Structures are given as C-alpha cells and as structure tokens.
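The lines below spell out each chain.
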Amino acid sequence: MSAKYSSVKRPIFLVDDSTMVLKLTSSVLARSGYSVRVEQNGLEAVDTICDLLASKAEGESDGECSDSDDADDVLPTILMDLQMPLIDGAEAIRRIRAAERMFSATASRPHRRLVILALSVNNHETIVSEALSAGCDAFLQKPFNLEDFEEVMEQIESVANE
C-alpha cells in the first residue's frame, strides 16, 4: 500500500450499474478508510457531480463528501464504469469535464481538477483510449485491488503537485 496516498483518503464517488460491484468495491474502500458515495448510472452521476460543482462555484460546502470545509477535500475522486445504461461512462466523463470547465470559470474560489478513473472489465486498447480521450485521468481494469487503486492515485497526486 502507498503510504503517501493513504494519508490523503479523498472521498470516493463510485459509479457502476452492477449492484454487486457497488457493494463489493464500496465495502473494500470503506474498510480502508474512504468515504464512498454510489450511483448506478452515468446520468445520475453527471447530475450529482454538476450539483456539487455548482455549489463549489458558489463557494458553498454541502458536507456530503467530507467533514472538512476545505474545497479540495470536498471534491471526490470519481471511479466511473465505462459500460452503463442511459449514458455510458465515457459520455458521462465528457459531460462532467464540460461542467467542470463551465463552473471553474465562475467559481468564487479555485479548486483542484476532479480526478476521474475509468473502470472496465475490458482493457482493450480502444476502450482505454476512448476513456482517456473523454477526459479520465487513468484506467483501472475490474476487478482491481486496493493497492493498484492507491498506486494510481499516488501517481496522479504526484503529477498534480509538480
């Protein structure tokens, strides 16, 4: 496990249409000290994240993702399944990034860019490429273990802090 990242423990927003995946993954993350919120489709995820970004743009803290009032602590890391009903994960990521750009332009205080990890059982090059093109920061193949997740997060954090 990564000692550097494990001290951060950003809240997690897990989006997957499989109830079993939601239960198992959120349980593992919660036992490891992460605060986890779940949605079962990309459309609901986009709505929830847009509401959060709108409240951050207005300088509010909704308290749902963190007990801290620090803007960076409130914004969750998003784990987005790529194959879901209504809108797929890649489209949800594109919409979230567009909303993030829009709300950042009007925010009363700056915030860090949302971290979005794409998830799929399929790690074919075209799937990974589409996810990265949509705006995700990294790709994790399902099922993934906690060590892989924290290693990817440490790499993202180190790049963000350079």
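Everything discussed here concerns the structure shown above.
Engineer: What is the right way to look at the overall build of the protein chain in this model?
Structural biologist: Across its full length, the protein chain holds 7 helices and 5 strands. The order of α-helices and β-strands along the protein chain, N terminus first, is α-β-α-β-α-α-β-α-β-α-β-α. With 162 residues in all, the protein chain has 47% of them scored as buried. A separation of at least 24 residues holds for 63% of the contacts in the protein chain among residues at least 6 apart in sequence. Per element, the accessible surface of the protein chain, about 8,000 Å² overall, is 50% carbon and sulfur.

Engineer: Any chance you could explain helix H2 (residues 19–31) here in plain terms?
Structural biologist: What sets the pattern is the α-helix's 3.6 residues per turn: residues three or four places apart point alike. Between its first and last C-alpha, H2 extends 18 Å over 13 residues, near the 18 Å set by a 1.5 Å rise per residue. Taken together, the buried positions of H2 are Leu 22, Thr 25, Ser 26 and Leu 29. Taken down its axis, H2 places every buried residue within 100° of arc, on the same side. Every exposed residue of H2 that faces more than 90 degrees away from the buried side is listed here: Met 20, Lys 23, Leu 24 and Arg 31. Where H2 is buried, its residues contact strand S1 (12–15), strand S2 (36–39), strand S3 (77–81) and helix H7 (146–160). Just downstream of H2 lies Gly 33, where phi reads positive at about 100°.

Engineer: How do you make sense of the sheet that holds S1 when you look at a structure like this?
Structural biologist: The pairing of strands in a sheet comes from backbone hydrogen bonds and takes either a parallel or an antiparallel form. A sheet is described by the order of its strands in space; here 5 strands give the open sequence S2-S1-S3-S4-S5, paired in parallel fashion. Each having just a single partner strand, S2 and strand S5 (138–141) make up the two edges of the open sheet. Neighbour-to-neighbour, the strand axes of the sheet open up by a mean angle of 20°, direction not taken into account. Judged from the 5 bridges that link them, S3 and strand S4 (residues 115–120) form a sheet pairing that is parallel. Each bridged residue has a counterpart across the sheet, and for Met 80 the counterpart in S4 is Ala 118. Here H7 sits on the sheet in contact with S1, S3, S4 and S5, set at roughly 145° to S4.

Engineer: Is there a simple way to explain the environment of His 124 in this structure?
Structural biologist: Among the structural elements, His 124 can be located in the loop between S4 and helix H6 (125–134). Residue classification places His 124 among the partly exposed residues on the basis of a relative accessible area of 46%. Spatially, the C-alpha atom of His 124 lies 9.9 Å from that of Gln 141, the residues being 17 residues apart in sequence. Among the polar contacts made by the side chain of His 124, one reaches the side chain of Thr 126 at a distance of 2.9 Å.

Definitions and limits used
Along every chain, residues carry numbers that run from 1 in the direction the sequence is written. Side-chain atom pairs in this predicted model are given and counted only at pLDDT of 80 or more, local residue features only at pLDDT of at least 70, and totals for whole chains, interfaces and linings cover all residues. Each side-chain value is derived from all of the structure's non-hydrogen atoms; neither hydrogens nor water enter the calculation. Helix and strand labels come from DSSP, where a helix needs a run of H or I of at least four residues and a strand needs a run of E of at least two; each type is numbered from the N terminus. Accessibility here uses a 1.4 Å probe with only protein chains present; expressed as a share of the type maximum, an area under 20% marks a residue as buried, one over 50% as exposed, and anything in between as partly exposed. Any two residues whose heavy atoms approach within 4.5 Å at even a single point are treated as in contact. Residue burial considers only the protein chains on display, and all accessible areas are found by Shrake-Rupley using a 1.4 Å probe. Here a helix's expected span is defined as the number of its residues, less one, multiplied by 1.5 Å. The directions from the helix axis to the C-beta atoms are what the arc is built from. Paired strands, as defined in this entry, are two strands with at least two bridges between them according to DSSP. Convention adopted: a line fitted to C-alpha atoms gives each axis, helices being fitted over their contacting stretch, and angles between N-to-C directions are expressed from 0 to 180 degrees. By the criterion applied in these results, polar contacts are pairs of N or O atoms within 3.5 Å in which, for protein atoms, one can donate a hydrogen and the other can accept it, and in which residues neighboring in sequence qualify only through two side-chain atoms.

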